[in-house]
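Given next are the chains, with one letter for each unit.
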Amino acid sequence: MNTIGENIKMYRQQRKMSQEELAIKVRVGTATIQKYESGEQIPDTQTVLKLSTVLDVPASELMEKEMYNSSGMDPEIEHLVKEIGVKRAKLILRKAKEFSEEDFLRVMQMLYEIKHGQSQ
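All values derive from a computational prediction rather than experimental measurement.

The rules behind each value
Residues numbered from 1 in each chain as written. Predicted model: local features only at pLDDT ≥ 70, side-chain atom pairs only at ≥ 80, totals over all residues. Heavy atoms only, no water. Axes fitted to C-alpha atoms, helices over the stretch in contact; angles between N-to-C directions. Helix = DSSP H or I, 4+ residues; strand = E, 2+ residues; numbered from the N terminus. Parallel < 35°, antiparallel > 145°, perpendicular 65-115°, else oblique. Contact = heavy atoms within 4.5 Å. Nonpolar A, V, L, I, M, F, W, Y, C, P; charged D, E, K, R; others polar. Salt bridge = Lys/Arg side-chain N within 4 Å of Asp/Glu carboxyl O. Buried < 20%, exposed > 50% of the residue type's maximum accessible area, 1.4 Å probe, protein only. Core = buried A, V, L, I, M, F, W, Y, C linked by side-chain atoms within 4.5 Å. Patch = residues over 30% accessible without salt bridge, like charges linked within 9 Å, V, L, I, M, F, W, Y side chains within 5 Å. Areas by Shrake-Rupley, 256 points an atom, 1.4 Å probe, with all protein chains shown as cover.

A.B. asks: How should I be thinking about the packing of helix 2 (residues 19-26) against helix 3 (residues 30-38) in this particular structure?
C.D. replies: If you want to describe how two helices pack, look at the angle between their axes and the distance between the axes. One can describe the packing of helix 2 onto helix 3 by two numbers: an axis separation of 8 Å at closest approach and a directional angle of 110°. Looking at the two axes, helix 2 sits roughly perpendicular to helix 3. Across the interface between the two elements, Gln 19, Glu 20, Leu 22 and Ala 23 of helix 2 pack against Thr 30, Ile 33, Gln 34 and Glu 37 of helix 3. Looking at the contact of helix 2 with helix 3 residue by residue, the class counts come to 3 nonpolar, 3 polar and 2 charged.

A.B. asks: Explain the pattern of salt bridges here, please?
C.D. replies: Any two side chains of opposite charge can pair, given that their charged atoms come close. Tallied over the entire structure, the rule returns 3 salt bridges. Salt-bridge contacts for Glu 102 lead to Arg 106; the nearest nitrogen and oxygen are separated by 3.6 Å. Of this pair, Glu 102 and Arg 106 both sit in helix 8 (residues 101-116), 4 residues apart, which is roughly one turn of that helix. For Arg 106, the salt bridge is made with Asp 103, and the minimal N-O distance between the two is 2.7 Å. A residue pair is termed a helical-turn pair when its members lie 3 or 4 positions apart in one helix, as Arg 106 and Asp 103 do in helix 8 at 3 residues. What makes Arg 106 partly exposed here is its relative accessible area of 42%. Residue class for Asp 103 comes out partly exposed when judged on its relative accessible area of 25%.

A.B. asks: So what exactly am I meant to see when it comes to the nonpolar core here?
C.D. replies: A general trend in soluble globular proteins is that nonpolar side chains are found buried together. Residues Ile 8, Leu 22, Ile 33, Val 48, Leu 51, Leu 55 and Leu 62 are the most contacted members of the largest nonpolar core, which totals 16 residues. Within the residue set of this core, elements represented by two or more residues are helix 1 (4-14), helix 2, helix 3, helix 4 (45-55) and helix 5 (59-62). Each residue touching Val 48, except ones within four places of it in the same chain, is listed here: Ile 4, Pro 43, Ala 59, Leu 62, Met 63 and Leu 105.

A.B. asks: In this structure, what is going on with a nonpolar patch on the surface? I would like to understand it.
C.D. replies: A cluster of nonpolar side chains, Met 63, Phe 99, Phe 104, Met 108, Leu 111 and Ile 114, forms an exposed patch at the surface whose accessible area comes to about 560 Å². Within the element layout of this structure, Phe 99 appears in the loop between helix 7 (86-96) and helix 8. With a relative accessible area of 39%, Phe 99 lands in the partly exposed category.

Below is the structure:
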């Protein structure tokens, strides 16, 4: 499954850009780009937006996997819907569609911080 780090690496390589070049353009250290690409660290919302600008790709594409099964649905989404139940999945999706991309990235960052016990 593609992670945000794998997607960053893929788009960086497609643009024939080194980790150093990307780091300079995003204004982070090369080691930080290496950590993102290896999955050791997840970029915060502002960095995801900078990466999407530099790589010329929507932030949502950096954060998702583009693999679908024969039903046309991402297998991970299908599995998650089964796991949490259709009713809860619908509730979450109805609320999520009200968010802008930036709001959604902020919410995802907050959830990550809550889970991992970090605060800004």
